[in-house]
Amino acid sequence: MDGTLRTGTGDPIPAGRTVGRSPGRLAWMRLRRDRTALVSAAVLVLFVLVALAAPLIEAAYGIGPHDQFQRRLDGFGMPLGHAGGVSGEHFFGLEPGLGRDIFIRLVYGLRTSFFVACTAAVLSTLIGAALGGLAGYLGGWLDAVVSWLTDLTLAMPFLIVALALTPTLALRFYGQRDEVPPSFGVGVLIAIFAVFGWTSTARLVRGQVIALREREFVAAARASGAGLGHLLVRQLLPNTWAPILVSFSFAVPQFVTGEAALSFIGVGLTEPTPSFGRMIYQSLDYLQTDPAFVLFPGGTLVALVFAFNLFGDALRDALDPRSAR
Amino acid sequence: MTAGEPLLRVRGLTKHFPVRGGLLRAVDGLDFEVRAGETLGLVGESGCGKSTTARLLVRLLEPTGGRIEFAGQDISRAGRRALRPLRPQMQIIFQDPYASLNPRHTAGQIIAMPLQVNRITPPDGIRARVRELMELVGLDPEHDNRYPHEFSGGQRQRVGIARALATGPRLVVADEPVSALDVSVQAQVVNLLRRLQRELGLAFVLISHDLAVVRHFCQRIAVMYLGRIVEIGDRDDICRRPQHPYTRALLSAVPDVARRDRAGRVRLTGEVPSPLDPPSGCRFRTRCPSARERCAVQEPALIRRDGGNQATACHFPAGASA
Amino acid sequence: MRSRLATALCTATTLVAVLGACSANTGGSSTVDTGRQQTGVIATDPKDSWGPAPEVPGARAGGTFTIIRETPLSHLDPQRTYSFAGLMAAPLFARSLTTWKDDGQGNLVLVGDLAETPGSNVEDDCTVWEFKIKDGVRFEDGRPVTAKEIAYGIARSFDPDLTGGPTYLQEWLADTPQYDTAWDFAANRTALPPGLTTPDDRTLRFEFARPRCDLPFAASLPSTAPLPADRDTGINLGHAPFSSGPYKVTRFQAGVEIVLERNEHWDPATDPVRHQYPDRFVWSFGPSTDTAANRVIADNGADQAALSWDFVPASLVSRVAGDAALRSRTILSPTPTANHLVINNQRVTDLRVRQALNYAIDREGLVKVLGGPHVAAPNTTLMPPATIGHRAYDAYPAGPNGDPDRARELLGGQTPELVLGAADSSVEQQLATQLKGNLERAGFKITMRAIPDDAKLDEIKKRDNPWDLYLSSWAADWPSGAAILPVLYDGRGIKVAGNTNESYFDDPAISAEFDRILALPPAAQAPQWAGLDERIMREHAPVVPLYVDVAYLVHGSKVGGVFVSSVFGYPCLIDAHVKP
Amino acid sequence: MLRFLLKRALGAVLTLFTVSVLTFGMFFALPRDPVSGMCPKNCDPQRLERVRQELGLRDPLVDQYANYLKGIVAGRDLGGAQGGRCDAPCLGWSYVNNEAVTDTLARVLPVTVSIVVPAAIGWLLLGVGLGMVSALRPGSWWDRAAIGFSLTGASVPLYVVGAVLLLVFVYTLRWLPVPAYTPLATDPLRWAGGLVLAWCSLAFLYSAIYARLFRAQLLETLSEDFVRTARAKGLSNTRVYGKHALRAAIAPVVTVAGLDVGAALGGTVITETTFGLPGLGRAAVDAVRAGDLPMIMATVLVAAVFVVLANLLVDLLYAAIDPRVRLG
């Protein structure tokens, strides 16, 4: 995080001299003193580690995401035993019906979910920052066009486009018989989120840049002959890190729950790709008959999003010295 | 360029901003020249178009009309590419030392910026040049990795000055360089500027609302009112023999030991008229103690009288009547 | 600061507390009589076709009976009715030429409804049929129903604007699937289609170019409902049908609600099956299957007299079945909907591969995926057990969990790579995942391709569809082998699209058998179909029979008289009543 | 002001036009046959082809689109199977629902409006209230509770909240009726009873966002100069908060609220799905799944109209609340 925050400050600071405290560094120090931030960051790191280490966990756990244990289900297809079949062998029990292990599917689903959400958040933030920055700095017709694009994106119904586009694209790229690799579905999801997710970042950055572009340090750089690239990247960007980072930290959980929401209307990833979202969607039907099936994926989702929101809040506070805490 | 040629020549410079409800005539026909190594002070109340002029001179703004020649080259319509070779030769110092430094850059980065932007590599490298500049403006070179918020106001303005000097300019436009500073610091900075001007032989356009600062610093003084120059001339002429009632009013507001005993302190009454709708004829007439009918009808031209260097735009200048 | 963490913990604990209470699931099961034999006859005694229908024990008149269903009935036009819900709603307000006397236990008798008998086979070769229309049947405005109005009803089903209904009568009369070009209804509104005549007000006569021995069955569909020509409002009839049954439509709020109230002009004496117990029926649309089931289980207020039309969703089955208090409020019954893993015989031409597929399937596991024996019952025959004359057999005995070893043996070391097309709906994705697991265990390599749910049916009906395997089901329009085997396995009629022969199975010897059996008198056909069923499976294995649907319904405590139709497998409303 | 309105209206029309063209194009790229919904069990391909021609699905796309636009502006004649004459604004005939699209809209729109409007009032009041309580006493117990509430609201997805609420209040405790839509005019009590859970879940979710937003905004304005000046002038706390700070802090909330309500009116798909309410969002999803082009176009357009109108309204409101904003 240190590195990220300091990117904007340019040249690395040589060690061994009085080190200037960049605003990013100050934020980092504030963040380190914030216990909530630390705890939520630790939870997030844990989630990331679990997602990254999924194959290792599978090896250690001895059960794959596609293995079925239907013999441990009763006649209705409900898991036998306590709390949805929780046991030393199956930490979180079994899915009703197919009888797959919830724990390992959760681990793999987390991996997919994280990848989708983080990549989409990076992309949408990049698009938003670039468009918002350009529109805010240059103003004029470009600003009008970007504003209009924002309105258009907001007016396009996200769910409908997603619903219509997913099967269409699969057909275009893979015909009707070829196996559609899971990465394709993941890619489509990322693209959809990125295309629809940039508007808030763009608005934020645009507003920030409009406030900044009249500042004299920008004029100073222009008077020195700086070009558009230098102005945007070297002068303005370092001053918009805070809103960009914060909107990124809020975009990730939004996309995590978004993936689940898409499953709700039948878009998103299809079997057999383990998907966090679809798992939650399916589990909700079992709220009465197998609450454990809801609890584990649902609890994980809530914990993940909660940690992200906590961290995002802490980050915002840390980056904004005016905040009252 | 011959020695007598001015470094900067401004002719009929105008800048109008289209706003709701009309045209804001911020700068409305300026004529003046600045020779190499010469210092010109531009004074006037706030809102008279000083800052706009400063930004026009370094082409942060594009003029609506008129001509700006820098080193004999017309730059009034020049694009970014055409300005590129001239940029290192003209720099600007801003009023607000807080806003003019990028809070996310270190002092070193800020001072090095003009060099990097213009792809200038000093013989000993950028770092050495930065340290040299910092020493030159009286900053500890060890502080080059500090951020603006870790400096005091005066120190920050020094950083701004160092930045302006980085490329070795021939002309520096200083827009109210000290007005945001504490009075005790103001003198230090003004002295620094004087020293630099002398040592480096810079041409300066110093813009200020404070006649005291200008008088202390500049060889020539131009007085602006509502987007126009009402009087221009050598410092001593302007200070000793102000001909325009507005100049006299400004002078009389300066606490000055030499003049304390003299009567005739001119007080300005009323508000500055809106530049959206300037008065007809002489723009100063609405506040002028000696305004007559003619002033409302005919706009006075900036005319040299007495054959000297001093020019005044007034139908009834003080010197003539005296 | 601290509060945020505290809240995090709080949220988690609340969730646990809400969902928490858990006890060990030790299994235990209940059984469904899915193997039950269907018996069906065509009534020979004219008295069977007359009313009044015997009283339902304990039934009382009065009350409002509500049916809750997720998907709305988009119209009630009898000539356009083909959905199960539409077919089950129609008898309330539309009478047809013939109808089924159904005890809900699989005993079916085809009787005359508008007709005095279920039809007379005039030449005894199934080419000419006559129906005598009953005296005393009236429309909702009191005018009598005659052969003319029935003939007009059949004629308007030729209108290409009135899509969606069964096409048996039209195709048989015109002797071509392009019936609407053969006879243009719009240009001949006052005439009748070829082969259909009304010699007098009480006689309706069909003359076909070829033997159509199933006509009495086909005439039981609501497309034979009568309509006076002056009451034909075309496409708008769907919102206000003209009633000939015990109820008339008094309110049609598209997508929200349909209200039927008593038709005073209905005479029970003419009706062999219907009753008129509740004051009104209300179809209420919108709530999801889950919601509807939960609502009815909760048994509050008006919901006490409500039936959740859709079957109990798989996720709730264990809860409903496990609640002894609900036993009296549930109906469990087999249905005639048979589900197969269809093999595309044009692509998978190796019989041994098709047989290996049959051996590989773990039907017990499959039923678990579906939600247990209350949702599905394993099946190994082409025709569902609810078919008249059905005989059980297992051509590829693999035990309840499949026999992967036997399958491997048949494959002889090859690894056939097959593409399994599955709708992108949640249930079908799960089923496909299960099947993929079964098949890969037996040495196949399976690629799953998702097909948009709503498009899937059309896609697999295209001759050149790109998949090797797909899930499909068939529910016959009447429980005779004639409405199943020739429809699904006659290769001579395969066209570019819109095929019912989804396995694209084509064998001349089998096709010849279809012709032979279809020419037999209906009563003699049943055992022949059963024999052919087994022969097709043993010799060709064109599909993998998987399971038949089981109807599992739940209703409010005041609901009485609802049974599952032995013909369609959905709740039948003609005996329904509201208990006091 | 008039010029501003005119300019915005023109932009809005352009947006709507683009949305409809994009939707139209997207639909024809879909791998599904729009006619299939009309196909009975054993449908003949030639019949299908004829239906396609009758529906105009074989005309060039541009013609089809032009016809569609003409229908909206001037009405048009549809085939006999589509109910005949269709008056302006004619959005076409849904061959899946078997009725004029305008009729379907008239049915589903009240449901969505009934969900969104009361919920929006709830989330605004709750959000602003919580935000205010926590900003006025930063660091207090109230503040912490409010922050905790809003963080939870923002973290638990609506479908989870909805499912839990349903289980607890409807199926287990039976305090509330099963969610259903009854028109307000029919029975206000049943109307409210059937929607209250949807309102609560939406309000919980959104008020969380608003509380956080409003708290941050209020804290920021309270630290701004003019508030300090007002205080220095000796104005009472109430006057400072009421007149200056609240006014300045409410503007961004209004912006967000306007846009949120606009978007929500376009269809609260997840809410409607969770609670089984037949609103615009469900209709839209069903339309896409069934390939019902006229319904897709209509739902998309209606949703877009709401968003665009909300945008416009927000700009106007913003100008009204904050006179510093110039309409340019």
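Notes on the structure in this doc start here. Quick caveat, the model's predicted, so the values are computed rather than measured.

1. Thoughts on the overall build of chain A
Line of reasoning, step 1. Within chain A, the secondary structure is distributed over 13 helices and zero strands.
Line of reasoning, step 2. For chain A, the N- to C-terminal ordering of α and β elements is α-α-α-α-α-α-α-α-α-α-α-α-α.
Line of reasoning, step 3. Its C-alpha atoms give chain A principal-axis dimensions of roughly 80 × 50 × 35 Å.
Line of reasoning, step 4. Of all 325 residues assigned to chain A, the portion counted as buried reaches 58%.
Line of reasoning, step 5. At a minimum sequence separation of 6, the contacts of chain A that also span at least 24 residues come to 71%.
Line of reasoning, step 6. Accessible surface for chain A amounts to roughly 12,100 Å². Of this, 65% is attributable to carbon and sulfur atoms.

2. Quick look at the pattern of salt bridges
Line of reasoning, step 1. As enumerated under the stated definition, the model contains 57 salt bridges over all chains in all.
Line of reasoning, step 2. Note that Glu116 of chain C and Arg202 of chain C form a salt bridge whose closest N and O atoms lie 2.6 Å from each other. In this pair, Glu116 of chain C sits in the loop between strand S4 (107-112) and strand S5 (120-121) while Arg202 of chain C sits in the loop between strand S7 (196-200) and strand S8 (203-207), placing the two residues 86 residues apart along the sequence.
Line of reasoning, step 3. Residue class for Glu116 of chain C comes out partly exposed when judged on its relative accessible area of 22%.
Line of reasoning, step 4. As a salt-bridge pair, Asp232 of chain C and Arg156 of chain C come within 3.2 Å of each other at their nearest N and O atoms. Here Arg156 of chain C lies in helix H3 (residues 147-156) and Asp232 of chain C lies in the loop between helix H6 (215-218) and strand S9 (247-253), a separation of 76 residues in the sequence. Both residues of the pair, Asp232 of chain C and Arg156 of chain C, belong to the buried class.
Line of reasoning, step 5. The network of salt bridges with shared partners includes Arg9, Arg11, Glu33, Arg67, Glu69 and Asp74 of chain B.

3. Digging into the state of the cysteines
Throughout this description, disulfide means a covalent bond between two cysteine sulfur atoms.
Line of reasoning, step 1. Across all of its chains, the model carries one disulfide over all chains by this definition.
Line of reasoning, step 2. Disulfide pairing places Cys126 of chain C opposite Cys213 of chain C at an S-S distance of 2.0 Å. Taking the sign of the torsion about the S-S bond as the criterion, the disulfide between Cys126 of chain C and Cys213 of chain C, at about 100°, is right-handed. With Cys126 of chain C in the loop between S5 and strand S6 (128-132) and Cys213 of chain C in the loop between S8 and H6, this residue pair connects regions lying 87 residues apart in the sequence.
Line of reasoning, step 3. Free of any disulfide, Cys218 of chain B has its nearest cysteine sulfur in Cys239 of chain B, 10 Å distant.
Line of reasoning, step 4. Classification of Cys239 of chain B by relative accessible area gives buried; the value is 10%.

4. A few points about the nonpolar core
Line of reasoning, step 1. Among the nonpolar cores identified, the biggest contains 325 residues, and Phe65, Leu204, Phe206, Trp283 and Phe444 of chain C together with Tyr159 of chain D are the most heavily contacted of them.
Line of reasoning, step 2. Of all the elements, helix H11 (residues 228-264) of chain A adds the most residues to this core, at 17 residues.
Line of reasoning, step 3. There are two domains that each give this core at least three residues, and those are domain 1 (17-90) and domain 2 (104-321) of chain D.
Line of reasoning, step 4. The residues contacting Phe206 of chain C, other than those within four sequence positions of it, are Leu97, Thr127, Val128, Trp129, Phe131, Ile154, Leu169, Leu173, Gly195, Leu196 and Leu215 of chain C.
Line of reasoning, step 5. With 53 residues, the next largest nonpolar core counts Met134, Leu193, Phe217 and Phe284 of chain B among its residues.

5. Some points on the interface of chain C and chain A
Line of reasoning, step 1. Each side of the interface is counted separately: chain C has 53 residues, and chain A has 51 residues.
Line of reasoning, step 2. Both sides of the chain C and chain A interface together cover about 4,300 Å² of buried area, and 56% of this is carbon and sulfur.
Line of reasoning, step 3. Summed over the shared surface of chain C and chain A, the number is zero salt bridges.
Line of reasoning, step 4. Here chain C and chain A share 10 residue pairs in polar contact (both at pLDDT 80 or more) between them.
Line of reasoning, step 5. With nine residues, helix H1 (residues 2-20) of chain C is the single largest residue contributor to the side of chain C that touches chain A.

Parameters at a glance
Residues numbered from 1 in each chain as written. Chains lettered and ligands numbered in written order. Predicted model: local features only at pLDDT ≥ 70, side-chain atom pairs only at ≥ 80, totals over all residues. Heavy atoms only, no water. Helix = DSSP H or I, 4+ residues; strand = E, 2+ residues; numbered from the N terminus. Buried < 20%, exposed > 50% of the residue type's maximum accessible area, 1.4 Å probe, protein only. Contact = heavy atoms within 4.5 Å. Areas by Shrake-Rupley, 256 points an atom, 1.4 Å probe, with all protein chains shown as cover. Salt bridge = Lys/Arg side-chain N within 4 Å of Asp/Glu carboxyl O. Disulfide = S-S within 2.5 Å. Core = buried A, V, L, I, M, F, W, Y, C linked by side-chain atoms within 4.5 Å. Domains from an automatic or database assignment. Buried area = accessible area lost by both parts, 1.4 Å probe. Polar contact = N/O pair within 3.5 Å; in protein donor to acceptor, adjacent residues only side chain to side chain.

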